[in-house]
Amino acid sequence: MGIQVEFNPDLALRDISEFKKGNRKEEECIPENLEAGKVYPFLKKDQRNYWLFGEIPLLQTKGNGVLSRPRASIQIIEATHFLENNEMFTKGKYKVVEVFKDDKIYFEGLDRVGSKDF
């Protein structure tokens, strides 16, 4: 038996409608009025590791790897693993750098477009 850890290059949360229907906790969902500069909590099942030294995309997930294009650029500022009812979770906080309102490309691989001089 090994230690199961998932490394995530992005933060994928559910649509806020899942919280409103009672299917998910609010921290598992993208806030309705996402704003640049604000800090929001997140909650994910399992033990996950995130990159803390730069921007990563915030995606919407429907589960099973079905992901949207980036909804925002964020920076994870805190991530903690904990057990609840013998299940592993990761909770933390992220700061919104920029909210995307169009279908432009904002990330190339793991880099924010324009962040490197090529």
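**Student:** Hey, could you go over the environment of leucine 83 for me, with residue numbers and the actual values?
**Tutor:** Inspection of the secondary structure assignment puts leucine 83 in strand β7 (residues 72-84). Measuring from C-alpha to C-alpha, the distance between leucine 83 and lysine 45 comes to 9.9 Å, with 38 residues separating the pair along the chain.

**Student:** How would you sum up the packing of aromatic side chains? Please name residues and give values.
**Tutor:** For the coordinates displayed, the defined rule picks out four aromatic pairs. A centroid spacing of 6.4 Å and a plane angle of 45 degrees characterise the contact between phenylalanine 42 and tyrosine 94, whose relative ring orientation is tilted. In this pair, phenylalanine 42 sits in strand β3 (residues 39-45) while tyrosine 94 sits in strand β8 (residues 87-99), placing the two residues 52 residues apart along the sequence. Overall, phenylalanine 42 belongs to the buried group, its relative accessible area being 1%. Relative to phenylalanine 89, the ring of phenylalanine 82 has its centre 5.6 Å away and its plane inclined at 20 degrees; by these criteria the two rings are stacked. Of the residues examined, phenylalanine 82 reaches a relative accessible area of 22% and is grouped as partly exposed. On the basis of relative accessibility, which here comes to 12%, the residue phenylalanine 89 falls in the buried class. An aromatic cluster of three or more residues is present, and its members are Tyr40, Phe42, Tyr50 and Tyr94.

**Student:** Tell me about the side chain of threonine 61, and please be specific about residues and values.
**Tutor:** Examined against the element boundaries, threonine 61 turns out to sit in strand β5 (residues 56-63). Its relative accessible area of 10% is what places threonine 61 among the buried residues. Within the structure, the side chain of threonine 61 is placed 2.8 Å from the backbone nitrogen of glycine 63, a separation counted as a polar contact. With residues near it in sequence (within four places) discarded, threonine 61 still touches Ala12, Leu13, Arg14, Val66 and Leu67.

**Student:** So what's going on with the pairing of β5? Residues and values would help.
**Tutor:** The element β5 is largely enclosed, with a buried count of seven among its eight residues. As paired strands, strand β2 (residues 11-13) and β5 are joined by three bridges and run parallel to one another. Directly across from leucine 13, in β5, lies its bridge partner glutamine 60. Direction of pairing for β5 relative to β7: antiparallel, over a ladder of three bridges. Bridging from a neighbouring strand, isoleucine 56 pairs with isoleucine 74 of β7. Bridge count for β5 against strand β6 (residues 66-67) is two bridges, and the pairing is antiparallel. The residue of β6 that forms the bridge with glycine 63 is valine 66. Counted along the chain from β5 to the antiparallel partner β6, the turn is two residues long, and its residue asparagine 64 has a positive phi close to 55 degrees.

**Student:** If you had to explain the pairing of β8 to someone new, which residues and values would you point to?
**Tutor:** Across seven bridges, the pairing between β3 and β8 is antiparallel. Its bridge partner being in β8, tyrosine 40 is matched across the sheet by tyrosine 94. Hairpin geometry of β7 and β8 is characterised by an intervening segment of two residues between the two adjacent antiparallel strands and by a positive phi of about 50 degrees at asparagine 85.

Calculation notes
Residues numbered from 1 in each chain as written. Predicted model: local features only at pLDDT ≥ 70, side-chain atom pairs only at ≥ 80, totals over all residues. Heavy atoms only, no water. Helix = DSSP H or I, 4+ residues; strand = E, 2+ residues; numbered from the N terminus. Phe/Tyr/Trp six-rings, centres within 6.5 Å; stacked < 30°, edge-to-face > 60°. Buried < 20%, exposed > 50% of the residue type's maximum accessible area, 1.4 Å probe, protein only. Polar contact = N/O pair within 3.5 Å; in protein donor to acceptor, adjacent residues only side chain to side chain. Contact = heavy atoms within 4.5 Å. Pairing = 2+ DSSP bridges.

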